[in-house]
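Geometric and topological summary
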Amino acid sequence: MTDTQREAMEYDVVIVGAGPAGLSAAIRLKQLNADCNVVVLEKGSEVGAHILSGAVLDPSGLNALIPDWKAKGAPLNVPVKDDNFYMLGEAGQLRIPNWPMPPLMNNHGNYIVSMGNVCRWMAEQAEELGVEIFPGMSCSELVYGENGEVKGVVAGEFGKNPDGTQGDSYEPGMELHGKYVFLSEGVRGSLSKQIIEKYSLSDGHEPQKYGLGMKEIWEIDPDKHKEGSVTHTMGWPLGSNAGGGSFIYHLENNQVYVGFVVHLNYKNPHLFPYMEFQRFKHHPMVADLLEGGKRVAYGARAISEGGYQSMPKMVAPGVALLGCSVGMVNVPRIKGNHNAMLSGMAAAEAASAAISAERSGDELNDYETAVREGAIGRDLKKVRNVKPLWSKSGLTASLTLGGFDMWTNTLGFSLLGTMGHGKTDAEATEEAAKHQPIDYPKPDGKLSFDRLTNVAFSFTNHEESQPAHLTLKDASVPVEINLPKYAGPSARYCPAGVYEFVEEAGKDTRFVINFQNCVHCKTCDIKDPAQNIVWTTPQGGDGPNYPNM
Ligand SMILES: Cc1cc2nc3c(=O)[nH]c(=O)nc-3n(C[C@H](O)[C@H](O)[C@H](O)COP(=O)(O)OP(=O)(O)OC[C@H]3O[C@@H](n4cnc5c(N)ncnc54)[C@H](O)[C@@H]3O)c2cc1C
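This text gives an overview of the structure that appears in the document. Residue indices begin from 1 for each chain and proceed along its sequence in written order. Local features in this predicted model are restricted to residues of pLDDT 70 or higher, and side-chain atom pairs are both shown and tallied only at a pLDDT of 80 or more, whereas totals for entire chains, interfaces and linings draw on every residue. To get the side-chain values, all heavy atoms of the structure are used, and hydrogens and water are removed first.

Near the ligand there are 36 residues, and of these Glu42, Ser53, Gly54, Val56 and Cys324 occur at the shortest range. Here a polar contact is recorded for every N or O atom pair within 3.5 Å, except that within protein the pair must consist of a potential hydrogen donor and a potential acceptor, and residues adjacent in sequence are included only if both atoms are side-chain atoms. At a separation of 2.9 Å, an oxygen atom of the ligand approaches a polar backbone atom of Ala21. At 2.9 Å, a backbone N or O of Asn337 approaches an oxygen atom of the ligand. When the ligand sits alone it has 1000 Å² of accessible area, and the protein chains cover 97% of it. By the criteria applied, helices consist of DSSP H or I runs no shorter than four residues and strands consist of E runs no shorter than two, each listed in order from the N terminus. Looking at the shell around the ligand, the elements with two or more residues in it are α1 (20-32), β2 (38-42), β18 (294-304) and α7 (337-356). When residues are grouped by polarity, Ala, Val, Leu, Ile, Met, Phe, Trp, Tyr, Cys and Pro land in nonpolar, Asp, Glu, Lys and Arg in charged, and all others, Gly among them, in polar. A per-class count over the shell around the ligand returns 18 nonpolar, 13 polar and five charged. Whether a residue is near a molecule or strand depends on its heavy atoms: if one lies within 4 Å, it is near. Using the Shrake-Rupley algorithm and a 1.4 Å probe, accessible areas are obtained, with residue cover drawn only from the displayed protein chains.

Rendered as structure tokens:
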């Protein structure tokens, strides 16, 4: 707790983050008990402003939560009609037929959606049930009770000066107390990270792994648009430099989601994930689709990739971690929204039962059991070896051995057991001297764009007169260690151009943090080789303002 005096409000359950996990938890709590007092706090200026997924939605989570979602007008308007998978070379592509793929890879029955719009609709459903939702409220601190249990959060602190002191318009915010606190902050949640460390929740589990996902929305020539079409690619331009691949989803209104994921365990610090994405759009197959169209939005977000073996313990006294704050993405399917929703429901069910039994502030162990032994655990367990095979042996092994392992797992067994991930993504980075710099073509301004131009299309805004929310544990590390040893990788791994090494004649090199550009993807917190960058929440309402991402 801080020394600042704040008013407190009491709830049954306090939920941090209005993504699919947090909103599902809120809705389920109210379905189970209309008198349950539930509050949802969201740092985005509105619900959906910070939501970034592909997204092909497996509706199993929504079916369980709101079975009559169609009648209630949920924005699931585009069923997947065709599913294509290509291996790219620089000048051509090879279509991989669908028949050898395990059934779990099939996208029929799924929908191409804007998850931002799905979350906006879910927030309406929650509010109709009586949930209080406060957007523009960053939860910046945890509040602990007398017995060390998590008792609440601090939200809505505004008006600090750049040096951290209180400015003229300083607002201390409020403490929101709950019998239980749910952290549904998504991948690499800043409060979730503190809880995982404080209670050693990762002990006995593999380290979490991540990718960086970047995405643009394009409006394309109607003659080229195929509503409901889903395409995934692998191979070029990443080759053996990094794992990852692309997605191209045709939604409604002649719009296409064009996205690219780079696994963050790449070794070569010269790699520039954003420029790999830009280069990808010049592949003849992709260029042909996009030529004559225009990019209308851009965003980026880390994606959790560790899967089954990386899920930390999810509960500690008074608190539960939900959705991608745990890491529930099925990597070969690139899907986590259904599991986020199911985890929200499971946490709500455990908390509702506990509150009915007049418990509070303890561990919701039934939630953890429901996740590990229920639908989420079964979904993730079948694909648990795909990511480690890819990291250790490359794309071909992951496609062949990983495909074989997914098949045997579908039949109920695995010859590989459960493989480990080994190093964290930060530890995977090798010294620059061991690798060749990579020469990236200059963006042409038609298909490819420089970073800052694209960041303008994320509609990101940060009040400049506040402390930088990207903090350094040791201010000397970027220039004295990361620059000579790793060629200053933050200048490349950040998809928003936040970090710069500024060299001026006769002066020492300066490390500049342009925090105003930050799109809240959390890559810096994950990939910094020295683990010296700590992502904290800026004041509420700041960050990207994604339209229909
Ligand atoms: C590029 C990309 C493509 C993807 N494609 C797909 C796909 O096609 N299908 C699929 O199913 N999944 C996909 N995923 C995965 C999916 O996005 C996640 O599994 C899902 O978003 C997890 O939901 P969540 O509710 O846990 O977290 P999120 O959706 O990340 O929501 C967290 C919310 O909490 C808020 N928040 C965070 N911290 C705080 C704080 N301290 N205070 C207040 N608010 C806070 C955030 O602003 C955000 O609104 C993709 C992910 C990426 C990055």
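Let's pick the thread back up.
Together, Phe404, Leu411, Phe413, Leu415 and Leu416 line one region of the surface with nonpolar side chains, adding up to about 530 Å² of accessible area. With respect to the secondary-structure elements, Phe413 resides in the loop between α11 (395-410) and α12 (425-428). Partly exposed describes any residue whose relative accessible area lies between the buried limit of under 20% and the exposed limit of over 50%, with all areas from a 1.4 Å probe on protein chains only and scaled to the type maximum. Residue Phe413 is classed as partly exposed on the basis of its relative accessible area of 41%. In this analysis, a patch consists of residues with relative accessible area above 30% that form no salt bridge, clustered at 9 Å for like charges and at 5 Å for the nonpolar side chains Val, Leu, Ile, Met, Phe, Trp and Tyr. The term salt bridge refers to a side-chain nitrogen of Lys or Arg lying within 4 Å of a carboxyl oxygen of Asp or Glu.

Before going further, it helps to examine the packing of α7 against helix α8 (residues 365-373). In this analysis an axis means a line fitted to C-alpha atoms, helices contributing only their contacting stretch, and an angle means the value between N-to-C directions, from 0 to 180 degrees. The geometry of α7 relative to α8 is characterised by a closest axis approach of 8 Å and an angle of 150 degrees between their N-to-C directions. Looking at the two axes, α7 sits roughly antiparallel to α8. In terms of crossing hand, the pair formed by α7 and α8 is right-handed. Residues Ser343, Ala346, Ala347 and Ala350 of α7 form the contact with α8, whose participating residues are Asp366, Tyr367 and Ala370. An angle below 35 degrees is read as roughly parallel, one above 145 as roughly antiparallel, one from 65 to 115 as roughly perpendicular, and any other as oblique. Left-handed describes a crossing in which the near helix is turned anticlockwise from the far one by less than a right angle; the clockwise case is right-handed. The contact criterion used is simple: two residues touch if any of their non-hydrogen atoms lie within 4.5 Å.

Attention now moves to the sheet that holds strand β4 (residues 78-79). Whenever strands of a sheet pair, they do so through backbone hydrogen bonds, lying parallel or antiparallel. For two strands to pair, DSSP has to find at least two bridges joining them. The three strands lie next to each other as β3-β7-β4, forming an open sheet whose pairing is antiparallel. The two strands at the open ends of the sheet, each matched to only one other strand, are β3 (56-57) and β4. Pairing between β4 and strand β7 (residues 111-112): two bridges, direction antiparallel. Paired with Val78 across the two strands is Ile112, which belongs to β7.

So, about the sheet that holds strand β17 (residues 255-263). Spatial ordering of the open sheet is given by β6-β5-β15-β16-β17-β14-β18, a layout of seven strands whose pairing is mixed. Only two strands of the sheet have a single partner each, and these edge strands are β6 (93-95) and β18. Sheet twist, expressed as the average angle between the axes of neighbouring strands with direction ignored, equals 20 degrees. Bridging between strand β15 (residues 229-235) and strand β16 (residues 244-250) involves four bridges; their strand directions are antiparallel. Its bridge partner being in β16, Val230 is matched across the sheet by Tyr249.

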